[in-house]
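Structure assessment
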Amino acid sequence: MTPRARRRLGAAVLTAALCVLAALFLLPVALVLINSFKSRFSISGAPFALPDATTFVGWENYRTGLTSGGFFAAFLRSAFITVASVTLIVLCTSMAAWYLARVSTRAARTVYAILVSGMIVPFQMVMFTVTFVVGRLGLDNVVGIVPVYLGFGAGLSVFLFTGFARNIPRSLEEAAVIDGCSPPACFFRVVLPVMRPVTVTVAILNAMWIWNDYLLPYLVLGTRQKTIPVTIQLSMQGAYGSTDYGGLMAMLVLAIVPIVAFYLAGQKHIVEGVLAGAVKG
């Protein structure tokens, strides 16, 4: 076999393997979408079957999901927490990363090491301590949980931003200073636009995490101010442990759509941002 034929064969095998892997990842989503149009009893009896004349219920499950358990209030609550948290994470960590990338002092290296080391600490190890501190500080509300997300999202975000900022030529900033830019103006007019790929990457990664997070909102907000994951978990449960799986599947689809749309809108920047932000300076 010639080298060209071997390359083609290797590419074909790799393509087939990636197609199989993609199908495995998409299968759960397809099952949720299919079952969202079936009656609740047919889902538990035949979860892999397509809807037919006897099991198809149209949009009934979606109407049930939208009218049960305060879905709209939970949606707005999750949207506010996600947008506010991602905005705060992007602004604070990008500015911190720019400083840490440009200042080579022992204090700066220590701060960077502390922030990055936070990535290796599982949330389950500190969740009871965090819950106690949040309650004592009065942060157990929709607004107060935003800085809590900033603390947990700072490690990875600073790591990516710092790796990217170290590759930005200093000449750009020096030219801006010569033109009369102050440090804040230099950052927002020169540095931040250059960091757009990694900014989109950080925003998408944190948005997917915060939107889908169940444990932290449940511990901090409880059932008084439910977010989307908590609402989906609790609203479709009936008496004696019964669950309306049709409404549950419909609510899952409605919860997936916004974050998938956001991901698809910025997916082209993810690989570039991760590769550039993971470079060791």
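Check the entry above for the structure.
Small disclaimer: the values here were computed from a predicted structure and weren't measured. (Residues numbered from 1 in each chain as written. Predicted model: local features only at pLDDT ≥ 70, side-chain atom pairs only at ≥ 80, totals over all residues. Heavy atoms only, no water.)

Considerations on the packing of helix H8 (residues 170–178) against helix H9 (residues 183–194)
As a packed pair, H8 and H9 sit with axes 10 Å apart at the nearest point and diverge in direction by 155 degrees. One finds that H8 runs roughly antiparallel with respect to H9. Here the hand of the crossing between H8 and H9 comes out right-handed. Contacts between H8 and H9 involve Leu-172, Glu-173 and Ala-176 from the first element and Cys-186, Val-190, Val-191 and Val-194 from the second. Along the lines of polarity and charge, the residues of the contact of H8 with H9 split into six nonpolar, no polar and one charged. (Axes fitted to C-alpha atoms, helices over the stretch in contact; angles between N-to-C directions. Helix = DSSP H or I, 4+ residues; strand = E, 2+ residues; numbered from the N terminus. Parallel < 35°, antiparallel > 145°, perpendicular 65-115°, else oblique. Left-handed = near helix turned anticlockwise from the far one by under 90°. Contact = heavy atoms within 4.5 Å. Nonpolar A, V, L, I, M, F, W, Y, C, P; charged D, E, K, R; others polar.)

Section: the packing of aromatic side chains
Summed over all chains, the structure comprises 12 aromatic pairs. Seen from their ring centres, Trp-98 and Phe-187 are 5.4 Å apart, and the 35 degrees between their planes marks the pair as tilted. Linking Trp-98 in helix H4 (residues 71–102) with Phe-187 in helix H9, this pair joins segments that are 89 residues apart in sequence. Phe-187 gets classed as buried once you look at its relative accessible area, which sits at 2%. Through a chain of ring-to-ring contacts, the aromatic side chains of Phe-37, Phe-56, Trp-59 and Tyr-62 assemble into a single cluster. For Arg-166, the ring lying beneath its charged end belongs to Tyr-112, and the centroid distance is 5.1 Å. (Phe/Tyr/Trp six-rings, centres within 6.5 Å; stacked < 30°, edge-to-face > 60°. Buried < 20%, exposed > 50% of the residue type's maximum accessible area, 1.4 Å probe, protein only. Lys NZ or Arg CZ within 6 Å of the ring centre and 35° of its normal.)

Quick look at the pattern of salt bridges
This model, assessed by the stated rule, comprises one salt bridge. Its salt-bridge partner being Glu-173, residue Arg-102 comes within 2.7 Å of it at the nearest N-O pair. Taken together, the positions of Arg-102 in helix H4 and Glu-173 in helix H8 put the pair 71 residues apart, joining distant regions of the chain. Taken individually, Arg-102 and Glu-173 each receive the classification buried, so the pair is uniform in this respect. (Salt bridge = Lys/Arg side-chain N within 4 Å of Asp/Glu carboxyl O.)

Describing the packing of H4 against H9
In a pair of packed helices, the angle between the axes and the distance between the axes together describe the arrangement. Contact pair H4 / H9: the axes reach a minimum separation of 12 Å and the direction vectors enclose 100 degrees. With respect to each other, H4 and H9 are oriented roughly perpendicular. Listed contacts from H9 to Leu-91, Ser-94, Met-95 and Trp-98 of H4 are Pro-183, Cys-186, Phe-187, Phe-188, Val-191 and Leu-192. Partitioning the contact of H4 with H9 into residue classes produces nine nonpolar, one polar and no charged.

Examining helix H7 (residues 145–165)
Since there are 3.6 residues in each turn of an α-helix, residues three or four apart along the chain are aligned in direction. Taking 1.5 Å as the rise per residue, H7 with 21 residues should run 30 Å; its terminal C-alpha atoms sit 28 Å apart, in good agreement. The sharpest bend along H7 measures roughly 50 degrees and falls at Ala-154. Counted residue by residue, H7 has 16 buried out of 21 residues, so it is predominantly covered. (Expected span 1.5 Å × (residues − 1). Bend = angle between axes of the 7 residues up to and from the residue.)

A closer look at helix H1 (residues 3–35)
With 33 residues, H1 extends 48 Å between its outermost C-alpha atoms, agreeing within 8% with the 48 Å of an ideal straight helix rising 1.5 Å per residue. Most pronounced at Leu-26, the bend in H1 amounts to some 35 degrees, and the proline Pro-28 follows within four residues.

Some thoughts on the state of the cysteines
Counted by the stated rule, this structure contains zero disulfides. Here Cys-92 is not cross-linked by a disulfide; its sulfur's nearest cysteine counterpart is in Cys-186, at 19 Å. Cys-186 provides the cysteine sulfur closest to Cys-181, a residue in no disulfide bond, and the two sulfurs are 6.2 Å apart. (Disulfide = S-S within 2.5 Å.)

So, the environment of Phe-164
Looking at where Phe-164 falls in the secondary structure, it is placed in helix H7. A relative accessible area of 11% means that Phe-164 is categorised as buried. Taking C-alpha positions, Phe-164 is 38 Å from Leu-33, a pair spaced 131 residues apart along the chain.

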